[in-house]
Amino acid sequence: MSTSVISRTLGAAIAFAFAAAAAFGMLRNYTPVPFWDMWPGIVYFYSEIHGGVYSAFWEQHMSHRLVFSNILFYLDQQFFGGINIFLFCVDFLLMALIPVWFWSVMRLAPRFSWRNPMDFGILMLICVISFSWIQWRNIIWAYQSQMYATILLPATSFLLLYHAGASTTAPKQSNRLFMSAIVLGFCSAFTMMNGILALPLMVVLSLVWRLSTKRVLICLAATAIVLALFFAGYSKTEYETPFLGTLLDHPRFVFTFIFTQLGSPVFYVLGEERMSAALLCGFAIALGLVIMGIRLIVKAETRQIGVLLAAAICYSTITIAAIATGRYDFGADQAVESRYMTNVLFIWSLFSLLLWFNLRSDRKYRRVVYGFMALLTIGLSSYQFKAIAPLYAWPRLDQNVGALAVELGVPDRRSIGFIYPDTEDLFELSERARELRSSIFGLPLYEGLREKLGSHHAGALEGAAECILREDTFRLVAEQPEYAAISGVLFSPKLVRYPERFTVLSSDGIVLGYALTERSVFAPFQNPETNATWVKGLFQVGEAGDQITLASDTYNCFIQLPDSIR
């Protein structure tokens, strides 16, 4: 087997390992419970659509018009049960399409070949970067499709415009490509706010590439229309700061933020005390992008490709500048926030591509390229292991209990705080969804539990042993003292197939509430039988007396209640 085949096989294996780790991390951290912005953005949004308020597709979210994502949210709720599986699949697909875009650009290079180890290696490196776990918040949160779409759609519109203007493209095909570029540029504005930059940049590209006057005017008209639509009825949010005002008043903060975010992968690789290293790395990345971009543009054979990549760089860099001005009130730490890393990783992929374009034809620099590929892969690998680390997960049982509190109508801030910051607001957002049995309220784990409170449990409770409960805590719900919360580790002397949910019963079989176990949390490869499980739940104390029973089809036991909650 030749060295070339071995190197390509190794590169493909590493790229596949990164993608598999990202997929596994997404799977391990899966939860159907809506989190934070998902309550107003998905659960309440779907309730509005179901009630005939179709303008909800268009409504402003912060400073964005999330029409693209709203369509996905609607499809998930309407056709896929609203449990986020469809959304996660779409997110992973969008993440995987980013390396496909780079492959499409690489094919424009003279003498590109899969068989060339450097050509294939850079593409595999871009796959490694694109699936990096440093963007973990976007990977494990089903609400983040717009983070990928706001990169992919504008970048694809630039690429289609390039092909539309290429001299080798047939006229009919050129027209189709041009109109496709306009459509994607138009749609880009409705991924996130930075997407409104796509069409103005396409106007610049059409002028630089000397497209026909008709096409330039079409780009200008599309830009005017999309800006008019986007800002029609637009209202400034309380968290929104003016771009130019912040830039002029706090230029040091803005530029420090930009360079720190450009170099933020170093922050993740070296540790959370290396902000200064991220700043220096960001400056080096910016300098490298400028130098290599100019070198590409001044060469006649790569000028058009250089302009294409320059547009992508400008778009992503302006996006970072917009984040910097918009997050001024939240501090410089926002520069390394994980949910902003998808855009940064795209820029790092652009840096890698520019390095490849500039040095691929010069044999004496091949070691530099291979060294860069190896160093970056090793560096990102150290953080990629967090995707498969056994202890790396959301507090998903606590999130499930928060959802249980919403279903039962118990305003327990300590439980609900794991899924949304405002209890009263959440109850208003979710009430219609409860009636529709949409989202989690249609799952067997939660469906109709509130209506069963106070009913008589049909199961026989004789012979139930006393629960062996350790690390147990009981507390009255401060906002509604008629309820108490239970938390503890339930042990059994033998292996038990614990249920996902216990029904909490009084001594005479009245349903007082419910408690969830770790089996309510999705966990691939979990042994169904175990000696112990965390149990957390809520129950009414008025009818409890001095003990409660945890009842299920597979395991029953009773608990003596402490005097503090009787």
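Everything below is about the structure printed above this text.
Residues numbered from 1 in each chain as written. Predicted model: local features only at pLDDT ≥ 70, side-chain atom pairs only at ≥ 80, totals over all residues. Heavy atoms only, no water.

**Quick word on the nonpolar core**
- Counting residues in hydrophobic clusters, the biggest one holds 165 residues, and the most contacted among them are Trp-101 and Leu-309.
- With 14 residues, helix H16 (residues 341–359) is the largest single contributor of residues to this core.
- Apart from residues no more than four positions distant in its own chain, Leu-309 is found in contact with Trp-101, Val-105, Leu-296, Leu-350, Leu-353, Leu-354 and Phe-357. (Core = buried A, V, L, I, M, F, W, Y, C linked by side-chain atoms within 4.5 Å. Buried < 20%, exposed > 50% of the residue type's maximum accessible area, 1.4 Å probe, protein only. Helix = DSSP H or I, 4+ residues; strand = E, 2+ residues; numbered from the N terminus. Contact = heavy atoms within 4.5 Å.)

**Points about helix H7 (residues 145–165)**
- Taking 1.5 Å per residue, 21 residues should reach 30 Å; H7 reaches 30 Å between its end C-alpha atoms and fits that length.
- Judged by how many residues are buried, H7 sits mostly within the fold: 18 of 21 residues are covered. (Expected span 1.5 Å × (residues − 1).)

**Topic: the packing of H7 against helix H9 (residues 198–208)**
- The N-to-C vectors of H7 and H9 enclose an angle of 20 degrees; their axes lie 10 Å apart at closest approach. Taken together, the axis directions place H7 and H9 in an arrangement best described as roughly parallel. At the point where H7 passes H9, the crossing takes the right-handed sense. Residues Pro-154, Ser-157, Phe-158 and Leu-161 of H7 pack against Ala-198, Leu-201, Met-202, Leu-205 and Ser-206 of H9. (Axes fitted to C-alpha atoms, helices over the stretch in contact; angles between N-to-C directions. Parallel < 35°, antiparallel > 145°, perpendicular 65-115°, else oblique. Left-handed = near helix turned anticlockwise from the far one by under 90°.)

**Some remarks on the environment of Leu-353**
- By the element assignment, Leu-353 lies in helix H16.
- Judged by relative accessible area, which is 0%, Leu-353 ranks as buried.
- Placed 239 residues apart in sequence, Leu-353 and Trp-114 show a C-alpha to C-alpha distance of 15 Å.
- Those residues in contact with Leu-353, other than ones at most four positions away along the chain, are Phe-102, Val-105, Met-106, Ile-126 and Leu-309.

**Thoughts on the state of the cysteines**
- Tallied over the entire structure, the rule returns one disulfide.
- Disulfide pairing places Cys-467 opposite Cys-557 at an S-S distance of 1.9 Å. On the S-S bond that ties Cys-467 to Cys-557, the torsion sits near 90 degrees, and the link is right-handed. Taken as a pair, Cys-467 in the loop between strand E1 (465–466) and strand E2 (468–476) and Cys-557 in strand E8 (residues 557–560) lie far apart in primary sequence, 90 residues in all.
- With relative accessibility at 11%, the residue Cys-467 sits in the buried group. (Disulfide = S-S within 2.5 Å.)

**Describing the packing of aromatic side chains**
- Across all of its chains, the model carries 29 aromatic pairs by this definition.
- Relative to Tyr-74, the ring of Phe-57 lies with its centre 5.9 Å away and its plane at 65 degrees, an arrangement referred to as edge-to-face. With Phe-57 in the loop between helix H2 (38–50) and helix H3 (67–79) and Tyr-74 in helix H3, this residue pair connects regions lying 17 residues apart in the sequence.
- Here Phe-351 and Phe-372 contribute two aromatic rings whose centre-to-centre distance is 5.8 Å and whose plane-to-plane angle is 45 degrees, an arrangement assigned as tilted. Residue Phe-351 is found in helix H16, and its partner Phe-372 is found in helix H17 (residues 366–384); the two are separated by 21 residues along the sequence.
- Grouped by ring-pair contacts, the aromatic residues Trp-58, Phe-186, Phe-190, Phe-230, Phe-231 and Tyr-234 constitute a single cluster. (Phe/Tyr/Trp six-rings, centres within 6.5 Å; stacked < 30°, edge-to-face > 60°.)

**A closer look at the pattern of salt bridges**
- Going through the model one piece at a time under the given rule, you end up with 13 salt bridges.
- Arg-137 is the salt-bridge partner of Glu-337, the closest N and O atoms lying 3.0 Å from each other. Note that Glu-337 is positioned in the loop between helix H15 (303–326) and H16 and Arg-137 in helix H6 (residues 136–140), a separation of 200 residues in sequence.
- By relative accessible area, which is 17% here, Glu-337 ends up buried.
- The salt bridge partner of Lys-536 is Asp-398, with a shortest N-O separation of 2.7 Å. With a gap of 138 residues between them, Lys-536 in strand E6 (residues 530–540) and Asp-398 in helix H18 (residues 396–408) connect regions that are remote in the sequence.
- By relative accessible area, Asp-398 is classed as buried at 18%.
- The network of salt bridges with shared partners includes Glu-407, Glu-431, Arg-434, Arg-437, Glu-447, Arg-450 and Glu-451. (Salt bridge = Lys/Arg side-chain N within 4 Å of Asp/Glu carboxyl O.)

**A closer look at the side chain of Gln-77**
- Relative to the assigned elements, Gln-77 resides in helix H3.
- Note on Gln-77: relative accessible area 7%, which makes it buried.

**Quick notes on the packing of helix H4 (residues 85–106) against helix H5 (residues 117–130)**
- H5 packs onto H4 with a crossing angle of 155 degrees between their chain directions and a minimal axis gap of 9 Å. One way to sum up the angle between H4 and H5 is to call them roughly antiparallel. At the point where H4 passes H5, the crossing takes the right-handed sense. Within the contact between the two elements, H4 uses Met-95, Ile-98, Pro-99, Phe-102, Trp-103 and Met-106 and H5 uses Asp-119, Ile-122, Leu-123, Ile-126, Cys-127 and Ser-130.
- Of the residues belonging to the contact of H4 with H5, the class tally is 10 nonpolar, one polar and one charged. (Nonpolar A, V, L, I, M, F, W, Y, C, P; charged D, E, K, R; others polar.)

**Some thoughts on a nonpolar patch on the surface**
- Residues Leu-93, Leu-97 and Val-100 make up a contiguous nonpolar surface patch of roughly 230 Å² in combined accessible area.
- Checked against the element boundaries, Leu-93 lands in helix H4. (Patch = residues over 30% accessible without salt bridge, like charges linked within 9 Å, V, L, I, M, F, W, Y side chains within 5 Å. Areas by Shrake-Rupley, 256 points an atom, 1.4 Å probe, with all protein chains shown as cover.)

**A word on the pairing of strand E7 (residues 547–551)**
- Here E7 lies mainly inside the structure; five of its five residues are buried.
- In E7, alternate side chains face the same way, and those of Gln-547, Thr-549 and Ala-551 on one face and Ile-548 and Leu-550 on the other are all buried.
- One ladder, built from three bridges, connects strand E4 (residues 501–505) with E7; its direction is antiparallel. If you follow Thr-503 over to E7, its bridge partner there is Ala-551.
- The hairpin formed by E7 and E8 contains five residues between the paired strands. (Pairing = 2+ DSSP bridges.)

**Some details on H3**
- Over its 13 residues, H3 runs 18 Å from end to end, which matches the ideal 18 Å to within 8%, given 1.5 Å per residue.
- Three or more residues of H3 are buried, namely Val-67, Ser-69, Asn-70, Leu-72, Phe-73, Asp-76 and Gln-77.
- Among the structural elements, H2, H4 and H7 are those in contact with the buried residues of H3.
- Two residues or fewer past H3, Gly-81 is found with a positive phi of approximately 80 degrees.

That is the geometry; function is a separate question.
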